[in-house]
Amino acid sequence: MNICFHGVGVPDRTLEPGEAPYWISPSLFHAVLDEVAGHGGVRISFDDGNASDVEIGLPALLDRGLQATFFVLAGRLGARGSLGEDDIRELDAQGMVIGTHGMDHVPWRGLDDAVRDRELVAARDRISTVVGRRVDEAALPLGRYDRRLLGQLRGLGYAHVHTSDRAHARPGAWLQPRFSVVGTDTVSRLRADVLGPQPVRRRIGRSAVMFAKRLR
Ligand SMILES: [Zn+2]
């Protein structure tokens, strides 16, 4: 099971259209982490490289002995409300994994060659340089993908690619679906919908959606 956070608390930058629902309160964030800490097999990630990753996320993870992967945006490093280079190195030094979410938070599906190079190659190079180690985990901005994009990511040597498909993940699989926690979620709903056993009908429906995306 993979769960994904975006912003926690109050953003210190102008949000993108449609982004606000992905910001959650610190109290919901802490309650979800408490719930996750009691479950084996739940992996945590943070997208978008918000400053709250290091201000709220990191101490809460360390308090509970949890590890997470942080998918950061190379184009926002050091911008107001976003992580700076020192923050990324701090996350790495504290045992967290750093991945790439690209440069400018644009969908990766259907990119022309120049933008693809910027998003998939230059962004990863930039983040790798900051961390001082190879970055080979990616999270797809806005969750969009198709077969061509996945082929390109494989060709570029990404070890795992993380989506937002709200399906259960197979351990070790190259493509890792995730559940994003949103502001209207509650711990009891997550327990029922995400962390508990899944009805077969729902599992099959979600797998079918991913299968269709991979083929298109
Ligand atoms: Zn994102």
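Rules used throughout
Residues numbered from 1 in each chain as written. Predicted model: local features only at pLDDT ≥ 70, side-chain atom pairs only at ≥ 80, totals over all residues. Heavy atoms only, no water. Helix = DSSP H or I, 4+ residues; strand = E, 2+ residues; numbered from the N terminus. Rg over C-alpha atoms; globule rule 2.2 N^0.38 Å. Buried < 20%, exposed > 50% of the residue type's maximum accessible area, 1.4 Å probe, protein only. Contact = heavy atoms within 4.5 Å. Areas by Shrake-Rupley, 256 points an atom, 1.4 Å probe, with all protein chains shown as cover. Lys, Arg positive; Asp, Glu negative; His and termini not counted. Charge placed at Lys NZ, Arg CZ, Asp CG, Glu CD. 1 Å grid on protein atoms, 1.4 Å probe; cavity = no way out; pocket = protein on both sides within 12 Å on 5 of 7 lines; lining within 4 Å. Points joined across faces, edges and corners; volume = space filled by probe spheres on them. Nonpolar A, V, L, I, M, F, W, Y, C, P; charged D, E, K, R; others polar. Core = buried A, V, L, I, M, F, W, Y, C linked by side-chain atoms within 4.5 Å. Pairing = 2+ DSSP bridges. Right-handed = clockwise from strand over helix to strand, strands pointing away. Phe/Tyr/Trp six-rings, centres within 6.5 Å; stacked < 30°, edge-to-face > 60°. Lys NZ or Arg CZ within 6 Å of the ring centre and 35° of its normal.

(A) Representation of the overall build of the chain in the model. Of regular secondary structure, the chain possesses 7 helices and 8 strands. Relative to the globule expectation of 17 Å for 216 residues, the C-alpha radius of gyration of the chain, 16 Å, shows essentially globular dimensions. Principal-axis analysis of the C-alpha atoms gives the chain an extent of 45 × 40 × 30 Å. Counting only residues that meet the buried cut, the chain has 50% of its 216 residues in that class. When contacts within the chain are restricted to residue pairs at least 6 apart in sequence, long-range pairs at least 24 apart make up 67% of them. Within the structure as shown, the chain displays about 10,000 Å² of accessible surface, and the carbon and sulfur contribution to it stands at 52%. One way to put it: in the chain the 29 positive side-chain charges average out to a point 9 Å from where the 27 negative ones average out.

(B) Focus on empty space enclosed by the protein. One pass over the full model with this rule turns up 1 cavity of 30 Å³ or more. Quantified by volume, the largest cavity comes out at close to 40 Å³. Around the largest cavity sit W108, R109, G110, L111, R116, D146, R148, L149 and Q152, which together line it. With 3 residues, helix α5 (residues 147-155) is the largest single contributor of residues to the lining of the largest cavity. Of the residues assigned to the lining of the largest cavity, the class counts are 3 nonpolar, 2 polar and 4 charged.

(C) Here's a closer look at the nonpolar core. Ranked by internal contacts, the top residues of the largest apolar core, which has 41 residues, are I3, F5, F29, V32, I44, L61 and F70. Within the residue set of this core, elements represented by two or more residues are β1 (2-5), α1 (26-37), β2 (43-47), α2 (52-64), β3 (68-72), α3 (85-93), α4 (113-131) and α6 (187-195). Residues within four places of V32 in sequence aside, it is in contact with I3, F5, V181, V187 and L190. If you look at the next biggest cluster of nonpolar residues, it comprises 15 residues, including L140, Y145, L149 and L150.

(D) Focus on the environment of T163. Within the element layout of this structure, T163 appears in the loop between β6 (160-162) and β7 (175-176). Note on T163: relative accessible area 0%, which makes it buried. Here the alpha-carbon distance between T163 and D185, two residues 22 residues apart in the chain, equals 19 Å. Not counting residues up to four positions away in its chain, the partners in contact with T163 are L140, Y145, L175, Q176, P177 and R178.

(E) A look at the environment of L28. Along the chain, the position of L28 falls in helix α1. Separated by 44 residues in sequence, L28 and V72 place their C-alpha atoms 22 Å apart.

(F) Fine view of the pairing of β2. Of all the 5 residues making up β2, 4 are buried; the element is thus mostly covered by neighbouring parts of the structure. With 4 bridges joining them, β1 and β2 adopt parallel strand pairing. In the sheet register, F5 faces β2, and the bridge partner there is F46. Of the crossover connections in this fold, the one passing from β1 over α1 to the parallel β2 is right-handed. In terms of handedness, the path from β2 via α2 over to β3 forms a crossover that is right-handed.

(G) Layout of the packing of aromatic side chains. As enumerated under the stated definition, the model contains 4 aromatic pairs in all. Both rings, one in F46 and one in F70, keep their centres 4.6 Å apart while their planes meet at 5 degrees; by these two values the pair is stacked. Of this pair, F46 sits in strand β2 while F70 sits in strand β3, placing them 24 residues apart in sequence. Both residues of the pair, F46 and F70, belong to the buried class. Among the aromatic side chains, those forming a connected cluster through ring pairs are F5, F29, F46 and F70. The positively charged end of R124 is found above the aromatic ring belonging to Y158, 4.3 Å away from the centroid. Over the face of the ring belonging to W174 we find R154, whose NZ or CZ atom lies 4.0 Å from the ring centre.

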